[in-house]
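Now for the letters of each chain:
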Amino acid sequence: PTAKTITFNITTGPNLPPSGSNSSQQTAEDRTFTISEADFGFSDQDTPANNFAAVKISSVTLNGGTLSNGVVPVGSGDEVSIADIRLGKLQFKPAANANGAGALGQLVFQVKDDGGTALNGQDTDQLPNTMTINVLAVSDAPVGSSFAKSTREDVFFNFDQTDFTFSDANDSPSRARNSSPTP
């Protein structure tokens, strides 16, 4: 009898989807916030685990702010590679003087791995997650008012607190000096 060889090809099965997690981030008013890899909470259940490949943006709420990948605006349906995220290119900039908790910046996203979709595998998180970016208020510079006063020559003029007014429209609550003297 002649010996025969049998070869077995063992596949590990389809790629299981990765998972992301909800997160809440914060930045200061009028500052650009760089979104990092850790902010997405990526994990993978495959053995060995697949690598974080990209983030798919499902929807964005920017309230006058901007989300960009370098100089390219990012919106619903866009994907941002993990390479760009690691390079610090994914950034949120709130609208000027905007601050508060909640939806000043909000991304609904799905993480993707590099495991592919062969054998009906899934490389994208099936449950979208939300990242909320809260914007902390900062004290903005006030705006002073010019004024003119007239007096006669060689006469002392006493300035009063009400002579020096300013507005503080970019702070809430306003820290503007009113026209009445303080005790």
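Just so it is clear, the model here is predicted, and its values are computed rather than measured. (Residues numbered from 1 in each chain as written. Predicted model: local features only at pLDDT ≥ 70, side-chain atom pairs only at ≥ 80, totals over all residues. Heavy atoms only, no water.)

## Structural notes on unusual backbone geometry
Here the bond from Thr-47 into Pro-48 is cis, since omega is -5°, no more than 30 degrees from zero. Inspection of the secondary structure assignment puts Pro-48 in the loop between strand S2 (33-34) and strand S3 (52-61). Even without being glycine, Asp-30 reaches a positive phi, approximately 65°. Structurally, Asp-30 is set in the loop between strand S1 (23-28) and S2. (Helix = DSSP H or I, 4+ residues; strand = E, 2+ residues; numbered from the N terminus.)

## Describing the sheet that holds strand S7 (residues 90-93)
Strand order across the open sheet formed by four strands is S2-S7-S4-S5, with antiparallel pairing between neighbours. What marks the edges here is a single partner per strand, and that holds for S2 and strand S5 (72-73). Across two bridges, the pairing between S2 and S7 is antiparallel. In the strand pairing of S7, Phe-33 is matched with Phe-92. (Pairing = 2+ DSSP bridges.)

## Remarks on the side chain of Asp-39
Along the chain, Asp-39 turns up in the loop between S2 and S3. As a buried residue without a salt bridge, Asp-39 has its nearest oppositely charged side chain in Arg-86, at a separation of 12 Å. At a separation of 2.8 Å, a polar atom in the side chain of Asp-39 contacts the main-chain amide nitrogen of Ser-36. (Buried < 20%, exposed > 50% of the residue type's maximum accessible area, 1.4 Å probe, protein only. Lys, Arg positive; Asp, Glu negative; His and termini not counted. Salt bridge = Lys/Arg side-chain N within 4 Å of Asp/Glu carboxyl O. Polar contact = N/O pair within 3.5 Å; in protein donor to acceptor, adjacent residues only side chain to side chain.)

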